[in-house]
Amino acid sequence: MQPSPPASGAAAPSAPSHPQSPRDLFVSFTFLALQGFGGVLAIVQREMVEKKKWLTPEQFLEDWAVAQVMPGPNVINLALMIGDRYFGLRGALAAVAGMLTVPLFVILALAVLYAHYAGNPQVAGALRGMGAVSGGLIAATGIKLIPQLRKHPLGFATCLAFVALVFGAIAWARIPLGWVLLVLGGVACGWTWKKIAP
């Protein structure tokens, strides 16, 4: 079904895009991985949704939720899903290879350097500073995703209540992530299923 044309004076929505080939996936995810010092979530969201437009904000939120629940590194799970969506198994392998191949050599080189300079107080201070930056990036990405919750079947207020419960359970009550996902995630999934069931 073709979208209706925009009303007069309204800006036309940008056309959806997609990767041109498995090679495009490999190069794009390599570039993403090389930018992801301290965490790649913020970079993936900016590149996949805002720049390349391979995903809508809603798709990114849904895919990221699935990637977090699956075992393994979240961003690798997301790369697998995006690659598979466009090119099947070839795309999934290309996306994961992009996330791992070149960064593996960078990590090995950094590990050698870190082993040599780990006792240097300036190096330790720099790494602590990067931890603060990483926390800021993750928080900023989470805040940018909150408006998408307005379209959720449970309603915006209920979604914000779940956000607060998860934050409190992990940050203050120190409940292990697995239990939080099992209990609160299970309740949210079951409730949503009930809401959208015909």
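Up top is the structure these notes are about.
Overview of the structure. (Residues numbered from 1 in each chain as written. Predicted model: local features only at pLDDT ≥ 70, side-chain atom pairs only at ≥ 80, totals over all residues. Heavy atoms only, no water.)

1. Re the overall build of the protein
Each helix and strand counted, the protein has seven helices and zero strands in total. Counting from the amino terminus, the protein carries its helices and strands in the arrangement α-α-α-α-α-α-α. Accessible surface, the protein: about 12,800 Å² in total, of which carbon and sulfur atoms supply 71%. (Helix = DSSP H or I, 4+ residues; strand = E, 2+ residues; numbered from the N terminus. Areas by Shrake-Rupley, 256 points an atom, 1.4 Å probe, with all protein chains shown as cover.)

2. Structural notes on the side chain of glutamate 47
With respect to the element layout, glutamate 47 can be found in helix α2 (residues 41-51). Classification of glutamate 47 as buried rests on a relative accessible area of 6%. Among all residues touching glutamate 47, those that are not within four sequence positions of it are Phe31, Leu32, Gln35, Lys52 and Lys53. (Buried < 20%, exposed > 50% of the residue type's maximum accessible area, 1.4 Å probe, protein only. Contact = heavy atoms within 4.5 Å.)

3. What to know about the side chain of threonine 30
By the element assignment, threonine 30 lies in helix α1 (residues 22-35). Of the polar contacts made by the side chain of threonine 30, one reaches the backbone oxygen of phenylalanine 26; its length is 2.8 Å. If near-sequence neighbours (up to four positions away) are discounted, threonine 30 is found in contact with Gly98 and Val102. (Polar contact = N/O pair within 3.5 Å; in protein donor to acceptor, adjacent residues only side chain to side chain.)

4. Digging into the packing of helix α6 (residues 156-172) against helix α7 (residues 177-196)
To describe two helices that pack against each other, one gives the angle between their axes and the distance between the axes. Taken N-terminus to C-terminus, the directions of α6 and α7 make an angle of 170 degrees; their axes are 10 Å apart at the nearest point. The angle between the axes of α6 and α7 places the two elements in the roughly antiparallel class. Along this stretch, α6 crosses α7, giving a crossing that reads as right-handed. On the side of α6, the interface is formed by Thr158, Phe162, Leu165, Val166, Ala169 and Ile170, while α7 contributes Leu177, Val180, Leu184, Val187, Ala188 and Trp191. (Axes fitted to C-alpha atoms, helices over the stretch in contact; angles between N-to-C directions. Parallel < 35°, antiparallel > 145°, perpendicular 65-115°, else oblique. Left-handed = near helix turned anticlockwise from the far one by under 90°.)

5. Quick word on a nonpolar patch on the surface
Among the surface-exposed residues, Ile175, Trp179, Leu182, Val183, Val187 and Trp191 lie close enough to one another that they form a single nonpolar patch of about 610 Å² accessible area. Within the secondary structure, tryptophan 179 is located in helix α7. (Patch = residues over 30% accessible without salt bridge, like charges linked within 9 Å, V, L, I, M, F, W, Y side chains within 5 Å. Salt bridge = Lys/Arg side-chain N within 4 Å of Asp/Glu carboxyl O.)

6. Quick look at helix α3 (residues 57-69)
The α-helix winds at 3.6 residues per turn, so residues separated by three or four positions along the chain end up facing the same way. For α3, with 13 residues, the first-to-last C-alpha span of 19 Å sits near the 18 Å given by 1.5 Å per residue. Of the residues making up α3, those classed as buried are Phe60, Asp63, Trp64 and Ala67. Buried positions in α3, seen along its axis, are confined to an arc of 105 degrees and lie on one side of it. Facing away from the buried surface of α3 by more than 90 degrees, the exposed residues are Glu62 and Val69. Next to the buried residues of α3 lie α2, α4 (74-117) and α5 (121-145). (Expected span 1.5 Å × (residues − 1). Arc of directions from axis to C-beta.)

7. Concerning the packing of aromatic side chains
Scanning the entire structure with this criterion turns up three aromatic pairs. A centroid spacing of 6.2 Å and a plane angle of 10 degrees characterise the contact between phenylalanine 60 and tryptophan 64, whose relative ring orientation is stacked. Taken together, the residues phenylalanine 60 and tryptophan 64, both in helix α3 and four residues apart, mark about one turn of the helix. Across the pair, tryptophan 64 and phenylalanine 60 agree in class, each one buried. (Phe/Tyr/Trp six-rings, centres within 6.5 Å; stacked < 30°, edge-to-face > 60°.)

8. Quick notes on the pattern of salt bridges
A full pass over the atoms with the stated rule returns four salt bridges. Taking the shortest distance from any N to any O, the salt bridge between glutamate 47 and arginine 46 comes out at 3.6 Å. On the basis of relative accessible area, arginine 46 is assigned to the partly exposed category, the value being 29%. A salt bridge links glutamate 47 to lysine 51, with the nearest nitrogen and oxygen atoms 3.5 Å apart. You can see glutamate 47 and its partner lysine 51 sitting in helix α2, four residues apart, about one turn around the helix. On the accessibility criterion, lysine 51 (53% relative accessible area) is exposed.

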